[in-house]
Amino acid sequence: MINARLYIMQRLTALIMAPLVIGHIGVMIYAVQNGLSAEEILGRTQGSYFWAIFYGTFALAVAIHAAIGLRAILHEWVRLDGMVLNLVCWAIAAGLAGLGLQAVYSVTG
Amino acid sequence: MTQISQPDQQFIKVSIWRGAGDKGGYETFDVPDQESQTILDLVSYIQQYIDPSLTYRFACRVGMCGSCAMMVNGVPRWTCRTHVKKITDKAGSLTIAPLRNLPVIKDLVVDMDVFFDKWVRAEAVHHPTRSIEQGVQPVSEDTAERQAANAAIECINCAVCYAACDVVASNPEYLGPAALNRAWSLVNDVRDGGREAILEAVSGTGGCHNCHSQQSCQKYCPNELNPTASIAGLKRETSKFALRNLLNPANKHNQGEPA
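Described in the following lines is the structure provided in the data block.

## Examining the pairing of strand S5 (residues 93-97) of chain B
Residues and elements named next belong to chain B.
Okay, step 1: Note: strand S1 (residues 11-20) against S5, 4 bridges, orientation parallel. Paired with Val14 across the two strands is Leu94, which belongs to S5.
Okay, step 2: Where strand S3 (residues 69-72) and S5 come together, 2 bridges link them in antiparallel fashion. What sits directly across from Met71, in S5, is Ala97.

Put into structure tokens, the structure is as follows:
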């Protein structure tokens, strides 16, 4: 159910996510030093192209990575196949990307 | 084997799957306990002395042909190389069933067509590079490719790994560890001219990328092969192959065309 193209996409998105996760955790540790407030977070992120690209890339990588992983689970455990499996996986990818990008826009726009 | 009937004879309770296709159930037989008895000996005793209609498959009896594999107490094994004493549970009972993941023809005999069809789908067949006039191609034992091929080459097609594989159980399209292991040995064989065809064949929807590396194939292989490692090798080579084709589409376009 996973072909070479999907396998490579999942590995490449994992490669993209790994440094972004480390960056995210690093900033969290730094940010909570003086207490955590919405003002402080938004002060750092709002209007920032850097954080928009940082979290935008992360949200898109998650959408692709998770949809491919769930594709294998849905086929092996729920027995979804063919067009139904494709549609469900595209819907998961689109849903995750939509929610993720909306969140990124909310804090960086 | 001789029929035993001494008064102090000990017996082993053997539950054997009887039936055809999806229908059937376990039937229990009392088989005399003998020294150095294998699971295949028990099955043969039942067929010869208790119920001649019991159907099973075997040939060499010495672990060379790969035809006597069955599920023994839930584990796939060569029955000819499995001593009863080593695997009976505390109650001294045994359960013998046809190999998992394959359709049952009758009793302990499974239909191996699906298994071998997948070898062909994986292009795990020899692709000759020389005619008889050109003679035998020399093979260097020193190369890393040859050592990888040698590590995978002792498979005798018994389907123990196929029965042990949980991915095969949940994804019927998956080519399975044996076919992919053979494909990997051919990818590394200088005498085989089908490298690209094999890499294409194992890159499809049922291909090597579906393996979750659970390693049941390696755990249960009676020949101590490691199909998981072979599949990992295929994942590496197919990824390189796909990325090369992506960067140079003309390369892929020319494949398979006559020189």
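So that's the structure; there's more coming.
## Examining a nonpolar patch on the surface
Okay, step 1: A surface patch of nonpolar side chains, about 450 Å² in accessible area, is lined by Leu70, Ile73, Trp77 and Val78 of chain A.
Okay, step 2: Mapped onto the elements, Val78 of chain A comes out in the loop between helix H3 (49-77) and helix H4 (82-108).

## Notes on helix H1 (residues 4-31) of chain A
Helical geometry: 3.6 residues make up each α-helical turn, so side chains three or four residues apart lie on a common side.
Okay, step 1: Over its 28 residues, H1 of chain A extends 40 Å from the first C-alpha to the last, a length consistent with the 40 Å expected when each residue adds 1.5 Å.
Okay, step 2: All of the buried residues in H1 of chain A are Ala4, Leu6, Tyr7, Ile8, Gln10, Thr13, Met17, Leu20 and Ala31 of chain A.
Okay, step 3: On its buried side, H1 of chain A packs onto helix H2 (38-45) and H3 of chain A together with helix H10 (227-247) of chain B.

## Some points on unusual backbone geometry
All names here are of chain B.
Okay, step 1: Phi is positive for Asn73, which is not a glycine, with a value near 50 degrees.
Okay, step 2: Looking at the element boundaries, Asn73 is found in the loop between S3 and strand S4 (75-78).
Okay, step 3: For Asn73, a relative accessible area of 30% puts it in the partly exposed group.
Okay, step 4: Positioned with a positive phi, Asn101 is a non-glycine residue whose angle comes to about 70 degrees.
Okay, step 5: In this fold, Asn101 is placed in the loop between S5 and strand S6 (104-106).

Cut-offs and rules
Residues numbered from 1 in each chain as written. Chains lettered and ligands numbered in written order. Predicted model: local features only at pLDDT ≥ 70, side-chain atom pairs only at ≥ 80, totals over all residues. Heavy atoms only, no water. Pairing = 2+ DSSP bridges. Helix = DSSP H or I, 4+ residues; strand = E, 2+ residues; numbered from the N terminus. Patch = residues over 30% accessible without salt bridge, like charges linked within 9 Å, V, L, I, M, F, W, Y side chains within 5 Å. Areas by Shrake-Rupley, 256 points an atom, 1.4 Å probe, with all protein chains shown as cover. Salt bridge = Lys/Arg side-chain N within 4 Å of Asp/Glu carboxyl O. Expected span 1.5 Å × (residues − 1). Buried < 20%, exposed > 50% of the residue type's maximum accessible area, 1.4 Å probe, protein only. Contact = heavy atoms within 4.5 Å.

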